[in-house]
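Observations on the three-dimensional arrangement
Now for the letters of each chain:
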Amino acid sequence: EPTYETLLVETRGAVTLITLNRPKALNALNSTVMTEMVAAMAAFEADPTQGCAVVTGAGEKAFAAGADIKEMATKSGAEFFSEDFFSEWTSKVVKATRKPWIAAVNGFALGGGCEVAMMADFIIASENAKFGQPEITLGVIPGMGGSQRLARAVGKSKAMDLCLTGRMMDAQEAERAGLVARIVPADQLLDEAMKAAEKIASLPPLAVKANKEAVNVAFETTLDAGLLMERRIFQVVAGTEDKTEGMAAFVEKRPGVWKGK
Ligand code: CO8
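Summarised in this report is the structure supplied together with it. Everything quoted here is computed from the prediction, not taken from an experiment.

With that out of the way, let us pick up the sheet that holds strand β2 (residues 15-20). Spatially, six strands are ordered β1-β2-β3-β5-β7-β10 in an open sheet, and the strand pairing comes out mixed. Both outer strands of the open sheet, β1 (7-12) and β10 (182-184), are each paired with one neighbouring strand and no more. The average undirected angle you get between the axes of adjacent strands in this sheet is 20°. Most of the contacts of helix α5 (residues 112-119) go to strand β5 (residues 101-105), to which it runs at about 145°, and overall it touches β5 and β7 (122-126).

Close approach of charged atoms allows side chains of opposite charge to pair. With the rule as written, the count across this model stands at 12 salt bridges. Across the pair Lys 92 and Glu 88 runs a salt bridge whose closest N-O atoms are separated by 2.9 Å. With a gap of four residues between them, Lys 92 and Glu 88 both fall in helix α4 (residues 87-94), about one helical turn apart. The class of Lys 92 is partly exposed, set by a relative accessible area of 39%. Linking Asp 161 and Arg 167 is a salt bridge whose minimum nitrogen-to-oxygen distance equals 2.9 Å.

A positive phi angle is found at Asp 84, which is not glycine, with a value near 45°. The topology assignment puts Asp 84 in the loop between α3 (77-83) and α4. Residue classification places Asp 84 among the partly exposed residues on the basis of a relative accessible area of 46%. A positive phi angle, close to 70°, is found at Phe 86, a residue other than glycine. Inspection of the secondary structure puts Phe 86 in the loop between α3 and α4.

Attention shifts here to the environment of Glu 173. Within the element layout of this structure, Glu 173 appears in helix α8 (residues 171-176). Overall, Glu 173 belongs to the buried group, its relative accessible area being 13%. For the pair Glu 173 and Phe 131, spaced 42 residues apart in sequence, the C-alpha separation works out to 9.4 Å. If we skip the residues at most four places from it in the chain, Glu 173 touches Lys 158 and Arg 167.

The first and last C-alpha atoms of helix α10 (residues 205-217) sit 19 Å apart over 13 residues, in line with the 18 Å expected at 1.5 Å per residue. Against the buried residues of α10 lie β5, α9 (189-201) and α11 (223-237).

Now for the layout of surface pockets. Put simply, the largest pocket is a space of about 1,200 Å³. Mapped by element, the contributors of at least two residues to the lining of the largest pocket are α4, α5, β7, α6 (149-154) and α10. The class makeup of the residues in the lining of the largest pocket is 19 nonpolar, six polar and nine charged. Along the wall of the second largest pocket there are 21 residues; nearest its centre are Ala 67, Met 72, Glu 135, Val 140 and Ile 141. Going through the elements one at a time, α2 (69-72) and α5 are the ones with two or more residues in the lining of the second largest pocket. Residues that form the lining of the second largest pocket fall into these classes: 14 nonpolar, five polar and two charged.

Rules of the game
Residues numbered from 1 in each chain as written. Predicted model: local features only at pLDDT ≥ 70, side-chain atom pairs only at ≥ 80, totals over all residues. Heavy atoms only, no water. Pairing = 2+ DSSP bridges. Helix = DSSP H or I, 4+ residues; strand = E, 2+ residues; numbered from the N terminus. Axes fitted to C-alpha atoms, helices over the stretch in contact; angles between N-to-C directions. Contact = heavy atoms within 4.5 Å. Salt bridge = Lys/Arg side-chain N within 4 Å of Asp/Glu carboxyl O. Buried < 20%, exposed > 50% of the residue type's maximum accessible area, 1.4 Å probe, protein only. Expected span 1.5 Å × (residues − 1). 1 Å grid on protein atoms, 1.4 Å probe; cavity = no way out; pocket = protein on both sides within 12 Å on 5 of 7 lines; lining within 4 Å. Points joined across faces, edges and corners; volume = space filled by probe spheres on them. Nonpolar A, V, L, I, M, F, W, Y, C, P; charged D, E, K, R; others polar.

Here it is in structure tokens:
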């Protein structure tokens, strides 16, 4: 397995565990993290033995406390624009990844940290997780989806509240608002996230990709177009060998054996 400067990446069975690993900077996201995440997610996506990934943060304190402020402090507007700073999170980490990945949020998920968590297919939070978009306090706005994905996840009022005041919300508030799928005790976070990922990785892989694709359509289009897409995706997976096997296994009261075909 390749080694990274800012990530720990390990495969555990069919699950890839990616740990953001700059604990002294509360796992702040710099250009190296970005480049390495692109590589690690591409490797996960390309590896046929891997079915799901978990992304978490090193240390007790933070998932990620945002983009690296020290790196951004001296960058000019023209540099942000010419580099199209951090656009690859969306194009390469999110859009190019058809397999699911889970954010296991173990502490602060602020600014870019909250935004990376929202790029995951879902969030499992420890009870001490804290979410926020404090960019306003730095004289800027969210730049990796915080104004867009957060508004879609929790609605306009709470997204405005968080972006305009820069305050943090705790795991309970985030779960009530629909940002977080589940809250678990801090010492069980990784186990629970790995269990969820193992479950996903044990299911028919084409159906897994199809389910992810279908739910994502809901964020991109009208209800009518989305319902049509859902039927079409259903009709595609209904033609797989895994569908024949899954329905036969149900009738025969035995577990299915998946081929990914
Ligand atoms: N960047 C760089 N270093 C950081 C960051 C960060 N985002 N967050 C924490 N650190 C560093 C601190 O500087 C400190 O380092 P040092 O020991 O060298 O001084 C170390 O991590 C520990 O942090 P603290 O001492 O501050 O720890 P506390 O427990 O006192 O506080 C907090 C924890 C509340 C999380 C605090 O660290 C904090 O407020 N961090 C910044 C949070 C923030 O503002 N995040 C948003 C950043 S902006 C952003 O993400 C925009 C993304 C869009 C970019 C794309 C543009 C197109």
